[in-house]
Amino acid sequence: MKILHPASLTQAAEMMAEGAVPVAGGTALQLQWSQGRARPAVMAEVGSLLPRGIRGLTIGAATPLEEIRRAGLPLLSEALRDVAAPGIRRMGTLGGQIGFGAGCLMPALLVLGAQLETTEGPRALAEYLAEPRGLILSVAIRPADRHGWRKTGLRAAFSPAILTSAFALKMKGSRISMAHLAVGGGPVPPRRLAGTEAWLAGQDPATLDPDALRARIEAEVQAPDCAFRSARYRRRIAANALAFGITGQLPAQPGRRTPIPARALPPQQTVLGRASGGERWQTRPDMPAKVRGQMPYLTDHRAPDMLVGRILRAAHPHAEILSIDTTEAEALAGVEAVVTHRDIPGLNAFGIVFQDQPALCADKVRHIGDMVAAVAARDAATAEAALALIRVAYRPLPLVTDMAAALAPGAAKVHAGGNLVSEVVLERGDAEAAFATAAHVVEATYTTPRQMHGFMETEGGWIAPEGDGLLVCVGGQHGARDRLQLSRILALPEAKIRVITSPIGGGFGGKDELTVQPALALLALKTGRPVRLQLSRAESTRAGIKRNPMTIRMRTACDGEGLLLAQEVALLADSGAYASLSPGVMETAMEHCAGPYVIPNIRTRGRLAYTNNGIGGAFRGFGCNQMTYAVECQIDRLAAKAGLDPAAMRRRNLRVPGSPGYLGQAVGPSERLHEMLDAAQASAIWAPFEVAPEEIPGTGMALTYQGTGLGTIPEDEARFALRLKDGKVQALCGLDEMGQGLVASLHAAVAERLGCARSDVEVIFGDTGAAPDSGSTTAARGGYVVWKGVSETAPGLSARLLGQAAQRLGHAVESLCIVPGGIGARGANAPAPLLRFADLGDVTAEEAHYAFPKSDYFKGNARFLFTYGATLARVAVNRITGAVRLVRLEFHSAAGPVIDMASYLGQMEGALIQGAGFTLSEDILMRDGQMVTKNFDTYAMPGVRDVPGEMHVTAHETLDPGDPFGPRGAGEIGFSSITPAIANAVADATGRWPATAPFPPEEILAMSEAESAA
C-alpha cells in the first residue's frame, strides 16, 4: 500500500482522479479493513490540507470528533458522546465521518440541515451522500428549538450502530413549524423521513397520538436484516425512540411482579474492598508492571536470530484434502521452512480427553480454523506471502452445523466413528408419576451462546531448540500436560522438552488445550532456530476454543406448597470439530442438573455432538453456569406459580448439609447454602429504586452451587516445594499465573504461615524445568493447591530455617522465630531480624505431594468440595430498545478463608462482568461453518458503560469445626449464577423470563410491549 502526500488540494484532486483514496484520520478505513474490505493500493493523506477548527456553527472538515464533542454544539456534541471510543474520536475527523457515508453521526447532521463546502462547491449533505464528489472542506449546521438523538448498538457504548435516529423541531408557539427526522447507522442507509416530517408539521407534540406517530415512522423506515438484528427490530426502535423523543409518552407499566423476600439476619461476612480491607488489602506484586505495560509476556520475546511463524488455516469448514503443494512457498526468498503433516515424526493427534485433533491436517479439515501447514520466515510479511503460495486442493464435504441434525440418522460424519462424542444419562425415582400428580409444572428450553474467552493476549509464544531438545515458551494452563502431548507428536522424550507457560495475559480455560505449540515446535525443529508466532485477534476468533453452545430443555414440577417433586432435563451441547474438554464440560453440567435442591424424581440425558462449528471446550463455569441458568429460572417460575417469594421457594427445597450429592456421592463439609440465602434476604437490594422514565426496574436473585476440582475420575494431584535460596523464601509451584492472582496468593499464604513478609517471598511457577507439576490451572483448584502446599511444607521449612539460624547465632531454637526479613528473637517487642534471610544461606527444599480431595463415587465424575454463593441483580429494562442495563450487582460468596483479598475480589468482579457479557451481549455467530462474528467490532464484550454502577462482594470465610480442606477455589464461583439472577430481574420487570442468552433485545422489547398491552 502506497501513501502519497499531496502539497495542495489541487494535487490531491489529481491523485484522487488517478484512483488514490483520500485519508485524514483513517479510522473509518481501518474499520472497513477489520471487516474484510480490501485495502486500497494508493492513499493520499489530505488531513493537513483541510481546514480545522470551529467558528460558530461552521466546522472544519479536519476537526477531530473529540474536539466537536467538547464544543457544546447543538445536538452534534451530544451525539458524539455515543460515537466511537475517545481514542478513535481524537483521530477521526468530521470530514472522514461524512466521507465514510454511513457513520453513526449522519442522522444528526441530516436533521441539523448540514451544508457542505467542498472542492467542487457548496452541497447539501443529502446530495453529497447520494453522489460524493470532491473533498469536504467544512460543514455548517443550523440550530433547532428542540432536538433529540439515540444510538442503539451491540452494547452501551463503543459499538457499531444497529441504528441511530435523530430529530430536530422548529416550533411556532406550541406547534411544530418544521420537523426533520432521520435514521441511519450500521447497515441502515442515512436518510430523512420526509413523509413523517410533513405529517408532523402544524401539530402540537403534547397532543400527538404516540401510537400513530410510531406507526408512521415504522412504515417509512427502510432497514435491512442482518445476523445481529432484524429489520423489524430496527424499524421498531427507530419508531420508539423518535416518538418518545417528540411526545415524551410511553404506555403505562404495571409494578413489580416478584414478591419481596422476608428480611433475614445476615450471616458473618467479610466486605471485600480496598476501603474495608484494612491491612488485609495488599497490592498484588505483579500489578505495578502490568498497569505500566512493562510485564514481559511470552509473546513479547524477541531475539536477533528469531524467525516469524504463520499458520495456514483450512479454506473450508468441512472438506477432504486431495493434495498439499508447498513448492512455491519453499522457493520464496526469506522462507526458512514450511511444514505439513508429512513433517510430523510421531502421533499426528492431540486432545486432553480424546486424541482426535490433528496437529496438521492430513486428509480432512473439520472446521474453518483447522491447521493445514505452517511457515517460518525472516519476517512477518514474507511469512504471510508464503502462506498464499501453498496450494491445497480440497473436495468440499456436506456441512454439519446443527447439533440435533448432527445426531440424526444419516447425518454426514465429522469423524469416522459418528457425531456422538459422549452421552450422560441418569434416572432416579418415578419422574412421570410425579409430574402426573404435581400441582405446578413449568417447562422451558434454554439456549446458551458460543462465548469467546477474549483474553488480552491472544494465543502465541516462541519455541527454540535447546541442546538435543526443545524450549517451549507458549501460554498454557498445564505445562506438564502440554509437554506430554508434544512428546507424542514430536516423538521426543518428555525429558528433552522444557515447557514455560507463564505469565499469561488471560486464559479462562481457552489455553488449557494445545494451541500453536505443535506448528511452532515443528518449525523450530526443522529450522534449528527459535520461531515466534502470535495469532491476530481475527485468527484467534477463527481458530480458538469457545464455550460450548447448549440447549437445555427442562421440565420441573412442585406440589401446591412449592416442594419440588420432579425434574426432566434434555441437554444438547456443541463440541465443534473436536472433543478437547467438551466431554468434561457436559458431565459437569449434568452433575449440576438439580442445583442445590432436593428433587426426588429425576430423568436426565445429556448429549454432546461433533459439528463443523469451530471447537468447543473449557471456559470458566465449565458447564455449571449453563445448567444453573436453567435451574434457577425454573425455581423462580415455580415460585410465581406457587405464590411464594424467590427466597422462600429456595429455602423450602435446599439440600441438607451432609446429605449425599446429586450423583449420590459424599460431599465435603462446610456447606453454606443457608447462609448465602440469609445474605440474599438481608440485602437492601430488594428496596424500590429509581430508573430513567423509559426504563422498567427489576430485581432478581439466584444461588450458586458449584463443584471444584477435576472430580473423582481424572487424576488430580499436585507437587509443591518451599526453600530458602538467594535470600528469598521460594515457593515452587507448577500452576500458571494468568491474571487470577496465583503469585499474590502464594506470597500471602507463605508469609502468613511462616511469619515472614510478603516481600521475602519469591514464586517459581509455570516452568516444567524449574517448578514441580502441580496439575492444571483449571476447575478452581488453585486455591486448595496453594493452601495445601504451603500447609504441608511450611512447618518443615520453618524448622530448618530456625535450626540453621540457631547454629549461626548460637541461640536455642526455641528462642527464635521467623519475622519479616529473617530470623528474630521470640517475644521481642519489635520484630527486627537478628539474622537476615540473605545472610542465613540457602536451605534445602521441603517438598510435598498430595491429592485434591475426592469423593467416593466412581460411576461418573463427581465432585467432593463445593463452593456456594448468591447473586442479586438490579436491572433497568429499556422500553424503547429492549436493552437491559445493570444497575447493581451483589455477590455473596462462601469458598472458605480468603487467601489474598485483592486477588479474590478481582476474581469475583471479573467473573461477574464476564458473566454479564455471556448474559447480555457475547456470542460468536456462525453461518455455514463460517464465523459471522470475526473480531471485536461485532463481538460485544462488556465495556465500561456496560458495567453496573455498583458492585458489592462479600465472603463468608468460616469452616465447620474440624474441616481439614481449607480454602476452596474462587475462579469460577462468581460466574455461575449471574445469568439467572439477571433473567429473574428481567422477569420481575416484564413478567416474562428470557430463555436465550445473550438475551435478545428484540425479545425483551416484545416482552415489555406485551405486558404493556396486557
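Within every chain, residues take consecutive numbers counted from 1 along the sequence as written. Per-residue local features of the predicted model are confined to residues with pLDDT of at least 70, and side-chain atom pairs are confined, for both listing and counting, to 80 or more; whole-chain, interface and lining totals are unaffected and use all residues. Each side-chain value is derived from all of the structure's non-hydrogen atoms; neither hydrogens nor water enter the calculation.

Per an unreviewed UniProt entry, the protein chain is named Molybdopterin-dependent oxidoreductase, and its organism is Pseudooceanicola albus.

Right, let's talk about empty space enclosed by the protein for a bit. A cavity here means a set of 1 Å grid points, computed over protein atoms only, where a 1.4 Å probe fits but cannot escape. A pocket is an open set with protein on both sides within 12 Å along at least 5 of 7 lines, and lining residues have an atom within 4 Å of a point. Grid points are joined across faces, edges and corners, and a volume is the space filled by probe spheres set on the points. Applying the stated criterion across every chain, the model contains seven cavities of 30 Å³ or more. Q357, L514, T515, A543 and I615 are, among the 19 residues lining the largest cavity, the residues nearest its centre. There is about 50 Å³ of room inside the second largest cavity. Looking at the second largest cavity, the residues that line it are M452, H453, G454, F455, E459, R537, S540, G544, I545 and K546. If you list the elements that add at least two residues to the lining of the second largest cavity, you get α20 (537-543) and β26 (545-547). Helix and strand assignments come from DSSP, with helices taken as H or I runs of at least 4 residues and strands as E runs of at least 2, each series counted from the N terminus.

Below, the discussion takes up the domain arrangement of the protein chain. A domain assignment, automatic or from a database, supplies the domain bounds used here. Split by domain assignment, the protein chain resolves into domain 1 (49-247), domain 2 (266-295 + 668-711 + 863-1014), domain 3 (298-400 + 457-546) and domain 4 (717-851). If you average the C-alpha positions of domain 2 and of domain 3, the two centres end up 36 Å apart. Each side of the interface is counted separately: domain 2 has 11 residues, and domain 3 has 11 residues. The term buried area refers to how much accessible surface (probe radius 1.4 Å) is lost by two components on association, counted for both of them together. Between domain 2 and domain 3 lies a buried interface of about 900 Å² when both sides are counted; carbon and sulfur atoms form 64% of it. Each reported salt bridge corresponds to a side-chain nitrogen of Lys or Arg within 4 Å of a carboxyl oxygen of Asp or Glu. Scanning the region where domain 2 abuts domain 3 turns up zero salt bridges. Residues are treated as being in contact if the distance between any of their heavy atoms lies within 4.5 Å.

A few words now on the pairing of strand β43 (residues 950-955). For two strands to be treated as a pair, DSSP must find no fewer than two bridges joining them. By the bridge criterion, two bridges tie strand β13 (residues 270-271) to β43 in an arrangement that is antiparallel. Opposite T270, over in β43, you have A955 as the bridge partner. Taken together, the six bridges between strand β40 (residues 884-894) and β43 define a ladder with parallel strand orientation. Counted as the bridge partner of R888 is E950 from β43.

What follows covers the sheet that holds strand β2 (residues 21-23). Ordered in space as β1-β3-β2, the three strands form an open sheet in which the pairing is parallel. Looking along the sheet, the strands with just one partner apiece sit at the ends: β1 (2-4) and β2. The average angle at which neighbouring strand axes cross in this sheet is 35 degrees, direction not considered. The sheet contact formed by β2 and strand β3 (residues 42-45) spans three bridges and is parallel. In the sheet register, P22 faces β3, and the bridge partner there is A44. Orientation is described by axes fitted as lines to C-alpha atoms, over the contacting stretch for helices, and by angles from 0 to 180 degrees between their N-to-C directions.

A helix's residues, less one, multiplied by 1.5 Å, set its expected span. For helix α18 (residues 479-490), which comprises 12 residues, the first-to-last C-alpha distance of 16 Å matches the rise-based estimate of 16 Å (1.5 Å per residue) to within 8%. To sort residues, take the accessible area from a 1.4 Å probe on protein chains only and compare it with the maximum for the residue type: under 20% means buried, over 50% means exposed, and anything in between is partly exposed. The buried fraction of α18 is high, at 10 of 12 residues. For α18, the set of buried residues is G479, A480, R481, D482, R483, Q485, L486, S487, I489 and L490. At its buried positions, α18 is contacted by β23 (469-474), β24 (497-500) and α19 (517-527).

Our focus in this paragraph is the packing of helix α25 (residues 742-754) against helix α26 (residues 782-809). At a closest axis distance of 9 Å, the pairing of α25 and α26 adopts a crossing angle of 40 degrees. Classified by the angle their axes make, α25 and α26 are oblique. Crossing handedness for the pair α25 and α26: right-handed. Where α25 approaches α26, its residues L742, S745, L746, A749, V750, R753 and L754 are matched on the opposing element by V786, V790, S791, A794, P795, L797 and S798. When residues are grouped by polarity, Ala, Val, Leu, Ile, Met, Phe, Trp, Tyr, Cys and Pro land in nonpolar, Asp, Glu, Lys and Arg in charged, and all others, Gly among them, in polar. Looking at the contact of α25 with α26, its residues break down into 10 nonpolar, three polar and one charged. Under this scheme an angle from 65 to 115 degrees is roughly perpendicular, one under 35 degrees roughly parallel, and one over 145 degrees roughly antiparallel; angles in between are oblique. Two helices crossing with the near one rotated counterclockwise from the far one by less than a right angle form a left-handed crossing, whereas a clockwise rotation gives a right-handed crossing.

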